[in-house]
Amino acid sequence: MLDVLGKVKKIDKTYLFFILCICLFGLIMVYSASYPLGSAKYNDSSYFFHNQRMSLFIGLFAMTIGFFLPYSLYRKWSPVLVLGSILMLILVLTPWFGEMRNSSQRWLQIGPIVLQPAEFVKLTIVIYFASIFGKRGKTLSNFNKDVLPPLLVLGVVFLLILLQPDLGTATSIALPCVFIMLCAGIKKRHILAIAAFSVSGVVYLAVSAPYRLARVLSFRDPFNDPDGKGYQLINGYEAISSGGVLGRGIGEGIQKLGFLPEAHTDFIMAVVLEELGILGLAVVFFLYFGLLFKGVSIALRARDSFATLLTIGLLFQIMVQAVFNLGAVSGLLPITGIPLPFISYGGSSLIVNLFSMGIILQVSCNSKHISMYRIESRR
C-alpha cells in the first residue's frame, strides 16, 4: 500500500493535467458534434456522448493499469502481444467475426462487444519494436539479422490492415516503427533504404486502387466533384471558414446538421473550428504540444533504452494520427479516416491511447533527473 501511495505521489501532475484536459475537451466536442445525428438516428441526442463517456471511464481505468503495471512486463510479453494482434487482424477479415461498415471490414464482433483491432495493434507493434531495438544496443550493423526480422513482422501487420482496406491506418502504424529504429541508431543507409521503399510502396498503393486514387485527386481539387468525392472536404471548408476567430459558439455549428459527414469522428476538428474558431484551434495545438514536449522530456530521462524508445514510439504514434487527421481536414493531406486522438468519437482509440498515457506516466515516475540514454548515430 505504501508503494502504491508513493507511486501516486510521484505521478507527473503536469502531464496528467494535459491528458485530462484534452479528454474532457474531446468529450464536450463529441456531444456538440453528434447530438443532431443522435437525435435523427437513435432518437437520443446524447447517444454518442454516453458511449464516449463510458469509453472515457474505461480508458481512465486502462490508464491506471498502464500506470501500475511494470513496463518491463511489456518487453517480456511483446512477442505474445504481437501474435495476438495479428490473430485479431486475421479474424476481422473473416465473415464470422468481421463486421462491414462503409465498405470496410475493420471491426471485430465478439458477442455484444465491437472492437477495432487496428487500434490495439498501434500499441502492441510499438511495444514490440521498442523491445527489439531497446535491447540490442550497438548490435544494429547487420541489416539481415538485426533489422529485417521485425520489419517482416511489420510487413505482415501492414498487409493485413491494407486488406481491410485501410492504407491510412497501416501507414500511421508503420511510421512510428521507423522512427523507433531511427532513434535506436540503425545505420543511415538502412533508414534511407527503408524510407525509399516505404514511400514508393505507399505511393503505388495510393494510386493503384481506384477509390484511393479518387481520394488523392479529390483532396487536390475537391471542387471538381462537389457532390461526390469532394463533398466532405468542401463542407469541412464551409465549417472552418465560418468560424472566424471566436467561432459561432459551442453547439451553434451549422455544418453538423446533416451537411458534414463524420462530423463527430474524422471531421470533428471542422466542428471545433466552426464553433470555437481560431481560439479552439489554439487550444487543441496547446494540448497536443504539451503532451509532445512533456513526453519527450520524460523519454530523455528514462532509466533504460526500452523505456525511452517505448515512450517515443507511443508519443509519435499519437502525433502521427493527429497530423494525418488535421492534414485531411485542412485539405493538405488525403482523407484517410484516421480519428483525432482523444477528441474524435471512438471507444477503441480512446481506451488504447489512455493506456499508452498510463505507460508514459509510469516511465516518468521511474525516471532519473538526468538522461541515462543518449540517442546516438551508429555508423
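Computed from a predicted model, the values in this text were never measured in an experiment.

## A closer look at the pairing of strand β2 (residues 104-110)
In terms of burial, β2 is a largely internal element, five of the seven residues being buried. Both strand β1 (residues 98-101) and β2 contribute to a ladder of four bridges, which runs antiparallel. The residue bridging Met-100 from the neighbouring strand is Gln-105, located in β2. When β2 meets strand β3 (residues 113-115), the two strands line up antiparallel, connected through three bridges. Counted as the bridge partner of Ile-110 is Ile-113 from β3.

## Let's talk about the environment of Trp-107
Checked against the element boundaries, Trp-107 lands in strand β2. Here Trp-107 falls in the buried class, since its relative accessible area comes to 16%. Beyond its immediate chain neighbours, meaning those up to four positions away, Trp-107 contacts Val-92, Phe-97, Gly-98, Glu-99, Arg-101, Val-114, Leu-115, Gln-116 and Pro-117.

## Overview of the sheet that holds β2
The strands making up a sheet associate through backbone hydrogen bonding, with each pair oriented either parallel or antiparallel. The strand order across the open sheet built from three strands is β1-β2-β3, with neighbouring strands paired in antiparallel fashion. Either end of the sheet is taken by a strand with one partner, and the two such strands are β1 and β3. Taken pair by pair, the neighbouring strands of this sheet meet at an average axis angle of 40°, ignoring direction.

## So, a nonpolar patch on the surface
A contiguous nonpolar patch, built from Phe-61, Ile-65, Leu-69, Leu-73, Trp-77, Val-80 and Leu-81 and spanning about 610 Å² of accessible area, is present on the exposed surface. Breaking the nonpolar patch down by element, the ones donating at least two residues are α3 (47-68) and α4 (72-91). In terms of residues, the nonpolar patch owes the most to one element, α4, which gives four residues. Assignment of secondary structure puts Leu-81 in helix α4.

## Topic: the pattern of salt bridges
A full pass over the atoms with the stated rule returns four salt bridges. In this structure, Arg-248 and Glu-274 form a salt bridge, with 3.3 Å as the shortest nitrogen-oxygen distance. A residue pair is termed long-range when its members are at least 10 positions apart, and Arg-248 in the loop between α10 (231-241) and α11 (268-300) and Glu-274 in helix α11 qualify at 26 residues. Its relative accessible area of 1% is what places Glu-274 among the buried residues. Notably, a salt bridge pairs Glu-275 with Lys-256, separated by 2.5 Å at the nearest N-O pair. Note that Glu-275 is positioned in helix α11 and Lys-256 in the loop between α10 and α11, a separation of 19 residues in sequence. The class of Glu-275 is buried, set by a relative accessible area of 0%. A relative accessible area of 5% places Lys-256 in the buried class.

The rules behind the values
Residues numbered from 1 in each chain as written. Predicted model: local features only at pLDDT ≥ 70, side-chain atom pairs only at ≥ 80, totals over all residues. Heavy atoms only, no water. Buried < 20%, exposed > 50% of the residue type's maximum accessible area, 1.4 Å probe, protein only. Helix = DSSP H or I, 4+ residues; strand = E, 2+ residues; numbered from the N terminus. Pairing = 2+ DSSP bridges. Contact = heavy atoms within 4.5 Å. Axes fitted to C-alpha atoms, helices over the stretch in contact; angles between N-to-C directions. Patch = residues over 30% accessible without salt bridge, like charges linked within 9 Å, V, L, I, M, F, W, Y side chains within 5 Å. Areas by Shrake-Rupley, 256 points an atom, 1.4 Å probe, with all protein chains shown as cover. Salt bridge = Lys/Arg side-chain N within 4 Å of Asp/Glu carboxyl O.

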